[in-house]
Amino acid sequence: MITDTAPPSWTGRDDGPGPEHARWHQTVTAWEGQPAPCLIGFACDEGVRRNDGRVGASAGPAALRTALSPLAARTLVHDAGDIVVDDADLESGQARLAEAVRTVLDAGGLPVVVGGGHEVAYGSGSGLARSSVATGRTLGVLNLDAHFDLRAAAVPTSGTPFRQLLSEARAADRSLNYAVAGISEANNTRALFDAADEFGAHVLLDHECGDHDQLRRFVEDFCAEVDLVHLTIDLDALPASVAPGVSAPAGFGISLDAVRLACRAVAASGRLAILEVAELNPSYDIDGRTARTAARLIDEVLATRS
């Protein structure tokens, strides 16, 4: 077992025998080294707590599995269970996540990592950097997010993962490109914009994402300059009306159509190495709205990639 817990039992509606009736809950099986998409949960609140956010994202993986369960099965997916951080030791949890991600990648699989706060991205990105598939290749992180998450802090938080990854890559003389679409000028200080400049980040502001041709070019151009893409979707990039169940709900956000377009463009590029969803906080969700949206995005990326 590569995680702290075994995969949970998937349950749901049964419309009858045969693949024509199949839903996710009927086709997901435990990961046993298969070269296929593999769910890895990161049940953690510690990064959000350290970042003074509203906690509850540790329940995100369970809520997302519930939302995925009734969807029609369009591709084969496995489940490796969860990395659980139920104490203050975030760093140990991130290290365990990195090892799980590396193991799936080295087996030829696609890690589908579900958080948890956005501190999940440091664990996922570390696993990619240490994997055999990364050897000699240019790595890229495409973050769909209202925030840079490039904060300088005494300890890792949900606001520091990309500064950590970029700083470590620079120190090791490894290539790591960072792009973020959906940035809110009102919710990022000048210091964060300066940090983005320092690390050579590609940036598309939230109001610029409304031009879908521009957004498509932004994503496609970024994918073209790297070999492998770590796609990380912070659900707070979406408007609070679409995604109320997040740690930091957006005042404006970018449209679901824009997020979907960006996800499909990465999936179609042939360069997707990690698919990640962060900041699902079921405590604040309404009618499972955020979880259902996240589930559809995951399903669409995997179906587009197949």
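Above this text you will find the structure in question.
Just so we're clear, the structure is a prediction, and the values are computed from it rather than from any experiment.

Enquirer: It is not clear to me how the pattern of salt bridges should be interpreted in this structure. Could you clarify?
Expert: A side chain of one charge can pair with a side chain of the opposite charge when the charged atoms of the two come close. Evaluated as defined, the whole model comprises 16 salt bridges. Salt-bridge contacts for Asp 4 lead to Arg 96; the nearest nitrogen and oxygen are separated by 3.0 Å. With Asp 4 in the segment before helix H1 (24–27) and Arg 96 in helix H4 (residues 90–106), this residue pair connects regions lying 92 residues apart in the sequence. Taking the shortest distance from any N to any O, the salt bridge between Arg 49 and Glu 46 comes out at 2.9 Å. With Arg 49 and Glu 46 both in helix H2 (residues 46–50) and three residues apart, the pair spans about one turn of that helix. By relative accessible area, Glu 46 is classed as buried at 9%. A cluster of three or more residues bridged by salt bridges with shared partners is formed by Glu 46, Arg 49, Arg 50 and Glu 91.

Enquirer: Even after reading the chapter, I still don't get the packing of aromatic side chains, so can you show me in this structure?
Expert: One pair of aromatic rings is described through two measures. These are the centre distance and the angle between the planes. One pass over the structure, following the stated rule, counts three aromatic pairs. Plain terms: the ring middles of Phe 162 and Tyr 178 are 4.9 Å apart, the flat faces sit at 25 degrees to each other, and that makes the pair stacked. Residue Phe 162 is found in helix H6 (residues 161–171), and its partner Tyr 178 is found in strand E6 (residues 176–183); the two are separated by 16 residues along the sequence. When sorted by exposure, Phe 162 lands in the same class as Tyr 178, which is buried. Over the ring of Tyr 284 we find Arg 54, and its NZ or CZ is 3.7 Å from the ring centre.

Enquirer: In this structure, what is going on with the pairing of strand E5 (residues 139–144)? I would like to understand it.
Expert: For a regular strand, side-chain orientation follows a simple rule: the groups alternate between the two sheet faces. Of all the six residues making up E5, six are buried; the element is thus mostly covered by neighbouring parts of the structure. Bridging between E5 and E6 involves six bridges; their strand directions are parallel. Across the sheet, Val 141 pairs through a bridge with Tyr 178, a residue of E6. In the sheet, E5 pairs with strand E8 (residues 228–234) via six bridges, with the strands oriented parallel. Looking at the pairing, Leu 144 lines up with Ile 233 of E8.

Enquirer: Help me understand the environment of Gly 210, please; the structure alone is not making it clear to me.
Expert: Its place among the elements puts Gly 210 in the loop between strand E7 (202–205) and helix H8 (212–224). Distance in space between the C-alpha atoms of Gly 210 and Ser 255 is 7.5 Å, their sequence separation being 45 residues.

Enquirer: What is the right way to look at the environment of Ala 67 in this model?
Expert: Within the fold, Ala 67 resides in helix H3 (residues 60–68). Classification of Ala 67 as buried rests on a relative accessible area of 13%. Expressed as a C-alpha distance, the spacing of Ala 67 and Val 84, which sit 17 residues apart in the sequence, is 20 Å. What Ala 67 contacts, discounting residues up to four positions off in sequence, is Ala 291, Arg 292 and Ala 295.

Enquirer: Sorry, what's going on with the pairing of strand E9 (residues 272–278) here?
Expert: E9 sits mainly inside the fold: seven of its seven residues count as buried. The pairing of strand E4 (residues 110–115) with E9 spans three bridges and is classified as parallel. Paired with Val 112 across the bridge in E9 is Leu 275. As defined by bridge partners, E8 adjoins E9 across six bridges and the pair is classed as parallel. By the bridge assignment for E9, Val 229 is matched with Leu 272. Between E8 and its parallel partner E9, the chain crosses via helix H9 (residues 256–269), and the hand of that crossover is right-handed.

Enquirer: Please clarify how the sheet that holds E5 should be interpreted in this entry.
Expert: Whether parallel or antiparallel, the strands of a sheet pair through hydrogen bonds between backbone atoms. Strand order across the open sheet formed by nine strands is E1-E3-E2-E4-E9-E8-E5-E6-E7, with parallel pairing between neighbours. Two strands in the sheet have a free side with no partner beyond their single neighbour: strand E1 (29–30) and E7. Pairing of E1 with strand E3 (residues 78–85) involves two bridges; the strand directions are parallel. From the neighbouring strand, Ala 30 faces E3, where its bridge partner is Asp 79. Its contacts with the sheet place H3 against strand E2 (37–44), E3, E4 and E9, and it is angled at close to 140 degrees to E2.

Basis of the calculations
Residues numbered from 1 in each chain as written. Predicted model: local features only at pLDDT ≥ 70, side-chain atom pairs only at ≥ 80, totals over all residues. Heavy atoms only, no water. Salt bridge = Lys/Arg side-chain N within 4 Å of Asp/Glu carboxyl O. Helix = DSSP H or I, 4+ residues; strand = E, 2+ residues; numbered from the N terminus. Buried < 20%, exposed > 50% of the residue type's maximum accessible area, 1.4 Å probe, protein only. Phe/Tyr/Trp six-rings, centres within 6.5 Å; stacked < 30°, edge-to-face > 60°. Lys NZ or Arg CZ within 6 Å of the ring centre and 35° of its normal. Pairing = 2+ DSSP bridges. Contact = heavy atoms within 4.5 Å. Right-handed = clockwise from strand over helix to strand, strands pointing away. Axes fitted to C-alpha atoms, helices over the stretch in contact; angles between N-to-C directions.

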